[in-house]
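# Examination of the molecular architecture
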Amino acid sequence: MSESVLVQADEEIPKILVVDDSATMRNFLTRVLEGEYDVETAADGVECITQYMKIKPCVILLDLLMPGMDGFAVIDKVRNVIGDQEVIIIVLTGEDEQEIKARALNSGANDYLTKPFHVVELKARVGVAIRQVMLTRQLQAANTSLQKAYDIIDDEVKLVARLQDKLLPTVVPVIDGLEIKSMYRPSGRASGDYYDVFGLEDGVVRVIMADVSGHGPQSAFIMAIVRTLFKADGANHNALSASLNQINSHLLDLIGKDSYFVTLFAADIDFNKGVMQYMSAGHCPALVMLDGELREPLSAAVPPFGFFPVDCTLSECSFSSSLRLFLFTDGCYEWRMNDDFFSLEPFVEIAEELMLNNSLHLENIEDILEEKTGVRPVFDDDVTALSINWSGKTGG
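Before going into details, it helps to say that this report is about the structure given with it. Once a new chain begins, its residue numbering starts again from 1 and follows that chain's sequence as written. Residue-level local features of this predicted model are given only where pLDDT is at least 70; pairs of side-chain atoms are given and counted only at 80 or more, and the full residue set underlies all totals for whole chains, interfaces and linings. With hydrogens and water set aside, each side-chain value is computed from the structure's full complement of heavy atoms.

For the rest of this paragraph, the subject is the sheet that holds strand 5 (residues 111-115). Here we have 5 strands laid out as an open sheet, ordered 2-1-3-4-5, and parallel in their pairing. Either end of the sheet is taken by a strand with one partner, and the two such strands are strand 2 (38-42) and strand 5. Neighbour-to-neighbour, the strand axes of this sheet turn through a mean angle of 20°, independent of strand direction. Criterion used throughout: strands pair if DSSP finds at least two bridges between them. Each helix is a run of DSSP H or I of at least 4 residues and each strand a run of E of at least 2, with the numbering of both proceeding from the N terminus. Strand direction decides the pairing type here: strand 1 (residues 15-19) and strand 3 (residues 59-63), joined by 4 bridges, are parallel. Across the sheet, residue Ile16 finds its bridge partner in strand 3, namely Val59. Here, two residues are considered to be in contact whenever any of their heavy atoms come within 4.5 Å of each other. In this analysis an axis means a line fitted to C-alpha atoms, helices contributing only their contacting stretch, and an angle means the value between N-to-C directions, from 0 to 180 degrees. Its contacts with the sheet put helix 2 (residues 23-33) on strand 1, strand 2, strand 3, strand 4 (88-94) and strand 5, and the angle it makes with strand 2 is roughly 175°. Across the face of the sheet, helix 3 (residues 45-55) comes into contact with strand 1, strand 2 and strand 3 while running at roughly 150° to strand 2.

As structure tokens, then:
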């Protein structure tokens, strides 16, 4: 059994269309090829197009010099009118027809055979053409299957994103003098960023800003676990330090052997007593103003969660008349600026200036950064920010 038949053992036998105005040549080519292929014939260009549309051959063996519609017209019709670039066209020419060969190849023919040709050469050229067509079709089928798989994955990622949006806070605590603004812009359709603000008791709120390394569904999944643990501990009124210890322990079990990690800033703010207890684990520095005075950024005291056990002892600061707290993820400042990247230091300078001027408007962050830097940011990473402003008087 020939190689061509082996290749097509489980598939439809390849079709070949022989086109020549000589009945002798048509019969000869048919006898040579019909043992391995499904061979159809046509006596001129018009009949060729009719047969081509009917059988959709893999290969056309095409005589060029025919009366009426010649081989060049057939090539133009197949390639430029019908638009078929897949079928292999092998033209049949005489030995002294070099210009005709070149014209045929430039018009869209794939190969040529010079008359008289040997049966072995004919079969070899046709075999190569058949394998090329089959390979192209296999690649197209694989691409179709791959696209279907991508579509399924894309639908799942969209579902993750829709579910993830539902995990973000929709109701914030109502406290006299408290204003909370947020910005959440995932880079894809599933994000590793997470923020939350929820009440623990009257006048006391818990604030979280977290960033899971990486992107996509796995980061979103880890983020959802972090969010669930925070919510559960908050509902049970567990101390923040105990909650942080528990979350890190869970993350060590979950991702301790993987390359994922979680940076976060978490704080309990008691507006009754004017006290904020907080901890940062490998996260961007939190910017804070207490009673109208800008303080040093609250930098990370411990490494990111998910690596090893850490001491979750909280730090504390006090305020009496006002508090401004600005939390953000690294996507806010890690964006390309001409031939370089914007960075944390200039972003902190801009944000602190805006806080001092009470003009930190998250909804206009691109406009603000463009005004300050001369370059409009194009955020590549997840971008999340949270602004908490309170003015009033504590009861302590």
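Turning our attention to the sheet that holds strand 12 (residues 293-294). Strand pairs in the sheet, formed through backbone hydrogen bonds, run parallel or antiparallel to each other. The antiparallel open sheet is built from 5 strands, whose spatial order is 6-17-14-11-12. Looking along the sheet, the strands with just one partner apiece sit at the ends: strand 6 (178-185) and strand 12. Relative to strand 17 (residues 383-391), strand 14 (residues 322-328) runs antiparallel, the two being bridged by 7 bridges. Along strand 17, the bridge assignment pairs Leu327 with Leu386. Packing of helix 9 (residues 344-356) onto the sheet brings it into contact with strand 11 (287-290), strand 12 and strand 14, and relative to strand 14 it is tilted by some 150°.

Before going further, it helps to examine helix 4 (residues 71-82). Here the expected span of a helix is defined as 1.5 Å times the quantity of residues minus one. Under the 1.5 Å per step criterion, the end-to-end length of helix 4 is 15 Å for 12 residues, consistent within 8% with the ideal 16 Å. Exposure categories follow from relative accessible area, calculated using a 1.4 Å probe and restricted to protein chains: below 20% of the type maximum is buried, above 50% is exposed, and the middle band is partly exposed. Turning to helix 4, its buried residues number three or more, namely Gly71, Phe72, Val74, Ile75, Val78 and Arg79. Angular distribution of buried residues about the axis of helix 4 spans 165°; they occupy a single face of the element. In helix 4, the exposed positions angled more than 90 degrees off the buried face are occupied by Asn80 and Val81. The N-cap residue of helix 4 is Asp70: its side-chain oxygen and the backbone nitrogen of Phe72 are 3.3 Å apart. Gly83 sits one or two positions beyond helix 4 and adopts a positive phi of about 85°. The reported arc concerns the directions from the helix axis to the C-beta atoms and nothing else. N or O atoms within 3.5 Å of each other form a polar contact, as long as, within protein, one can give a hydrogen and the other can take it, and as long as residues adjacent in sequence are counted only when both atoms are side-chain atoms.

In this section: empty space enclosed by the protein. For each structure, a 1 Å grid was placed over the protein atoms alone; sets of points admitting a 1.4 Å probe that cannot get out are labelled cavities, open sets with protein on both sides within 12 Å along at least five of seven lines are labelled pockets, and lining residues have an atom within 4 Å of a point. Grid points are joined across faces, edges and corners, and a volume is the space filled by probe spheres set on the points. Counted by the stated rule, this structure contains 1 cavity of 30 Å³ or more. Its boundaries defined by the atoms lining it, the largest cavity holds a volume of some 30 Å³. Lining the largest cavity, in full, are Phe347, Ile350, Ala351, Leu354, Leu360, Ile365, Ile368 and Leu369. Put simply, the parts of the chain that give the lining of the largest cavity at least two residues each are helix 9 and helix 10 (365-373). Sorting elements by how many residues they give to the lining of the largest cavity places helix 9 first, with 4 residues. Residue polarity follows a fixed list, in which Ala, Val, Leu, Ile, Met, Phe, Trp, Tyr, Cys and Pro are nonpolar, Asp, Glu, Lys and Arg are charged, and the others, Gly among them, are polar. Its residues placed into classes, the lining of the largest cavity shows 8 nonpolar, no polar and no charged.

Below, the discussion takes up the environment of Cys312. For Cys312, the position within the fold is in the loop between strand 12 and strand 13 (315-318). Along the primary structure Cys312 and Asn245 are separated by 67 residues, whereas in three dimensions their C-alpha atoms are 6.1 Å apart.

Any carboxyl oxygen of Asp or Glu that lies within 4 Å of a side-chain nitrogen of Lys or Arg is treated as forming a salt bridge with it. Taken as a whole and assessed by the stated rule, the structure comprises 12 salt bridges. The salt bridge involving Lys115 is made with Asp20; its shortest N-O contact spans 3.4 Å. A residue pair is termed long-range when its members are at least 10 positions apart, and Lys115 in strand 5 and Asp20 in the loop between strand 1 and helix 2 qualify at 95 residues. Looking at Lys115, the relative accessible area reads 25%, which means it is partly exposed. For Lys372, the salt bridge goes to Glu353, with nearest N and O atoms at 3.0 Å.

With that settled, the discussion passes to the packing of helix 4 against helix 5 (residues 98-107). In the contact formed by helix 4 and helix 5, the axes pass within 10 Å of each other and the chain directions differ by 10°. Looking at the two axes, helix 4 sits roughly parallel to helix 5. Judged by the twist between their axes, the crossing of helix 4 over helix 5 is right-handed. For the pair helix 4 and helix 5, contact is made by Phe72, Ile75 and Arg79 and by Ile100, Arg103, Ala104 and Ser107, respectively. Among the residues forming the contact of helix 4 with helix 5, the class breakdown is 4 nonpolar, 1 polar and 2 charged. Note that the term roughly parallel is reserved for angles under 35 degrees, roughly antiparallel for angles over 145, roughly perpendicular for angles of 65 to 115, and oblique for everything else. Put simply, a crossing is left-handed when the front helix is turned counterclockwise from the back one by less than a right angle, and right-handed when it is turned clockwise.

Moving on, we get to the side chain of His283. Relative to the helices and strands, His283 is located in the loop between strand 10 (275-281) and strand 11. Residue His283 is classed as buried on the basis of its relative accessible area of 7%. At 2.8 Å, the side chain of His283 forms a polar contact with the backbone oxygen of Phe328. In this structure His283 touches Met209, Ala210, Asp211, Thr263, Leu264, Phe265, Ala300, Phe328 and Thr329, once residues within four positions along its chain are discounted.

Pairing of aromatic side chains requires ring centres within 6.5 Å, counting the rings of Phe and Tyr and the six-membered ring of Trp. Pairs whose planes differ by under 30 degrees are stacked, by over 60 edge-to-face, and all others tilted. Scanning the entire structure with this criterion turns up 13 aromatic pairs. A ring pair is formed by Phe265 and Tyr278, whose centres lie 5.8 Å apart and whose planes are at 20°; its orientation type is stacked. Placement of Phe265 in strand 9 (residues 262-270) and of Tyr278 in strand 10 is noted, with a sequence separation of 13 residues between them. Judged by its relative accessible area of 1%, Phe265 is buried. Judged by centre distance (6.2 Å) and plane angle (40°), the rings of Tyr333 and Phe347 are tilted. Remark: Phe347 occurs in helix 9 and Tyr333 occurs in the loop between strand 14 and strand 15 (336-337); sequence separation between them is 14 residues. Overall, the relative accessible area of 2% leaves Phe347 in the buried class.

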